[in-house]
Amino acid sequence: MYLDLWNLVGGLIHWLMVDVIGEILNWLHLYGLADWLGSSGVLHILTIIVVGLIILVVGMLVSITLIWQDRKMLGRFMDRVGTQVGPFGLFQNFADALKVLVKEYIIPDAADRLIYPLAPILIIGLSMAMFVTIPYSQGFYMSNSDLSVILTLAILAVVPFAVLMGGWASNNKYTLIGGMRAAAQTCAYEVPLLLSVASVVVLTGSMNFMDIVAFQYENTWLVIPLIIGFIVFLVSIIAEVERVPFDLPEAEAELVEGWQTEYGGMRFGLIMMSQYARSFVGASLIVLLFFGGWHGPFADYIPAGIWFVVKVFLVFILFVWAWAAFPRIRTDQILDLCWKRLLPLAAINLFIAVFFKTMGWF
Amino acid sequence: MTDKQISRKEKQLGLTGFIFKPMYITMKQFIKAVVNRPQTILYPWEKMATPDAFRGRPGLIFDKCIGCGICMRICPTRCIDLVEVDDLKKAEGEEPKKVKRPRVNLGRCLMCGYCAEYCPTDAMIVTPDYELATFSREEAIYDPYMLQHDWKPGYEVHIKEVLPSEVNKVFEPRLRIEHKDIPVLDDEKCISCTRCAKDCPVDAVTMVEVGVNERGRPIRKPVFDAEKCISCDTCVEVCPKDALTMKEAL
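Every value quoted in this text rests on a predicted model; they were computed, and no experiment measured them. Along each chain, numbering runs from 1 in the same order as the chain's sequence is written. Going through the entries in the order they are written, you letter the chains from A and number the ligands from 1. A pLDDT threshold of at least 70 governs which residues receive local features in this predicted model, and a stricter bar of 80 or more applies before side-chain atom pairs are shown or counted, although totals over entire chains, interfaces and linings include all residues.

Engineer: I'd like a rundown of the overall build of chain A, residues and numbers included.
Structural biologist: Secondary structure elements follow DSSP: runs of H or I of four or more residues count as helices, runs of E of two or more count as strands, with numbering from the N terminus. Scanning chain A for helices and strands turns up 12 helices and zero strands. Reading the helices (α) and strands (β) of chain A from amino to carboxyl end gives α-α-α-α-α-α-α-α-α-α-α-α. Taking 2.2 N^0.38 as the reference for a compact globule, 362 residues should give roughly 21 Å; the C-alpha atoms of chain A span a radius of gyration of 22 Å, in line with that estimate. Per-residue burial over chain A gives 42% buried out of 362 residues. Within chain A, residue pairs in contact and separated by at least 24 positions form 78% of the contacts whose partners lie at least 6 positions apart. When we talk radius of gyration, it's over C-alpha atoms, and the globule rule is simply 2.2 Å times the number of residues to the 0.38. With C-beta atoms placed from the backbone, a residue counts as buried when 20 or more other C-beta atoms lie within 10 Å of its own, as exposed when 12 or fewer do, and as partly exposed for counts between those limits. Note on contacts: residues are paired as contacts if their backbone-placed C-beta atoms lie within 7 Å.

Engineer: Give a description of the domain arrangement of chain B that names residues and reports values.
Structural biologist: It is common to give the size of an interface as the accessible area lost on bringing the parts into contact. All names here are of chain B. Here chain B is described as being made up of domain 1 (58–161) and domain 2 (182–247). Between the C-alpha centres of domain 1 and domain 2 there is a distance of 28 Å. Each residue is assigned to one of three groups, with Ala, Val, Leu, Ile, Met, Phe, Trp, Tyr, Cys and Pro labelled nonpolar, Asp, Glu, Lys and Arg labelled charged, and all others, Gly among them, labelled polar. Taken together, the residues of the side of domain 1 that touches domain 2 sort by class into four nonpolar, two polar and one charged. Where each domain starts and ends comes from a domain assignment, either automatic or drawn from a database.

Engineer: Before we move on, could you go through helix H8 (residues 209–218) of chain A and cite the residues and values that matter?
Structural biologist: Residues and elements named next belong to chain A. Burial in H8 covers these residues: Phe209, Ile212, Val213 and Gln216. The arc enclosing the buried residues of H8, seen along the axis, measures out at 95°, which places them on a common side. Tucked into the core, H8 has its buried residues touching helix H6 (148–169), helix H7 (173–204) and helix H10 (265–290). In this description, the arc belongs to the directions extending from the helix axis to the C-beta atoms.

Engineer: Summarise the environment of B:Ala123; cite the residues concerned and give the values.
Structural biologist: Residue and element names in this part refer to chain B. Its place among the elements puts alanine 123 in the loop between helix H4 (114–118) and strand S4 (124–126). Between the alpha carbons of alanine 123 and glycine 17 there is a distance of 62 Å; along the sequence they are 106 residues apart. Ignoring any residue separated from it by four or fewer positions in sequence, one finds alanine 123 in contact with Leu60, Ile61, Lys64 and Cys65.

Engineer: An account of the packing of helix H1 (residues 5–27) of chain A against helix H3 (residues 40–77) of chain A is needed here, citing residue identities and associated values.
Structural biologist: All names here are of chain A. Axis separation between H1 and H3 bottoms out at 9 Å; the angle between their running directions is 130°. Classified by the interaxial angle, the pair formed by H1 and H3 is oblique. At the point where H1 passes H3, the crossing takes the right-handed sense. Residues Leu5, Trp6, Val9, Gly10, Ile13, His14 and Met17 of H1 touch H3, and the partners they reach there are Leu43, Leu46, Thr47, Val50, Val51 and Ile54. Only the stretch in contact is used when fitting a helix axis, every axis being a line fitted to C-alpha atoms; angles between N-to-C directions are given from 0 to 180 degrees. Note on angle classes: values under 35 degrees are labelled roughly parallel, values over 145 roughly antiparallel, values of 65 to 115 roughly perpendicular, and the remainder oblique. Here a crossing is called left-handed whenever its near helix is offset anticlockwise from the far helix by less than a right angle, and right-handed whenever the offset is clockwise.

Engineer: Explain the packing of H6(A) against H7(A) residue by residue, including any values.
Structural biologist: Residues and elements named next belong to chain A. Packing of H6 against H7 brings their axes to within 8 Å, and their N-to-C directions diverge by 170°. Between H6 and H7, the crossing angle belongs to the class labelled roughly antiparallel. In contact with Val149, Leu153, Ala157, Pro160, Val163, Leu164, Gly166, Gly167 and Trp168 of H6, H7 contributes Thr175, Leu176, Gly178, Gly179, Met180, Ala182, Ala183, Thr186, Glu190, Leu194, Val197 and Val201. Across the contact of H6 with H7, the residue classes tally to 14 nonpolar, six polar and one charged.

Printed below as a string of structure tokens:
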């Protein structure tokens, strides 16, 4: 049971453009305009815009709920209450967003006038762009490309560059060190991350999320044969989204707020938001690659998209748990961990995947 | 010389100490906080459950009070004084009587509960009220009417006494009534003015004729009823010639 987003929106656009607005324009004797609005190209573009908006809003809502889950669970981990506004504190993030929205927008005197406003746009845009490749169910997706796995990981890998830009443009020692750390961290986790994804691709023989999920539906969840790869991917993706214990670019104890020290107001709010958007993408990557995507029991009653989001929330518990449990590690330790521990594990995992594939067990 | 060389590997926490133990501890804490509730109390909306023996501000049961002033004298911060107010009980068509009742400056009160402990009629009680913030210092002075509070068993405080020989035996702890201070008269100084008899809140003082003076008028001296006396010091304070002293019981 799933919602076919493209057909639904396409049908609605067609009805609106042809049967409502087209009829009105025909009644006004504007036949040319009516024909142009009803042509397939215009309908297609409008459908793309509306579907993109829906995907963006759904992704933002899920990200906001992830912020709520993070704050509430961290509160419980620390014997606190957590968010307060609204039922179960659900509206706290909206209240906070309203607060940062009305704050003054300050550009530091020493900042680079061109790149300082540009870097948040790049970070937020890149983080939101990853919603495009994440499918929620068989019908609820923005794009269904054969290379969506590669595209997602590529966009994920570009974000530290924007972070470095923002850190440099702020012209502050804390932001610069934070940006440099983000760039340095990239070379630590990127290789094990990609190698663990490569094992999934080897087993499933596809770089399309649809095919990977379909493969897991036919055989088994890939976390069972590739448990090592799952652990490597989990650690690497936590480093990728810059959460504790890998939040070196935003080390609150050493660098004030890391590379985002000089950003205030709604820019800070949106940067915060984009971090959780990337967390959402990371958690959904884990769900799609290792936990069977949107398939689950009671598929007749519970829609596939709901299953997907529930699984994302469950995987995000691991992120929050890691935040609560571990201290932040040093730069040399993250290199030590990623190169000496995770890289051999990822290689072993890749061999296991190749072995399974050659034996023909999957 | 024989110091054991600690290798770098032994100094490291390892997988167990660095990963599994903190995860176990945090998850235990999480489950504890979810199953029970977090430690935080959201104060204006939630309040801590006060224990039974909680001592908040002093309260007054107006009708029980006899205006003896023990609370005023025992108060360590001198935040209690006696004021004359209208009695709450009055007959139809009559002016209410003036009675003495304690007034407490809660800005200075330290909630020790001595006033309730020493009150002979249990009119002073300790209440569980602790939200006493005011906008000015004058508002913190509670007059006898504001000081009133509903009574519940357990609000009054008693000095209970158990002898060492009675410990672990079936004896009710008893109030300290056997040995109490009693005023003693110095006959030389007494001028028979009867102020002590008039001011005694429990009518424990009776004026008794003990003889006649050289003009043939009766000489009256106060006699103190030890059963009724509550050792309140009122007679000692009002005596114009300082003829009375408290004789300590022990």
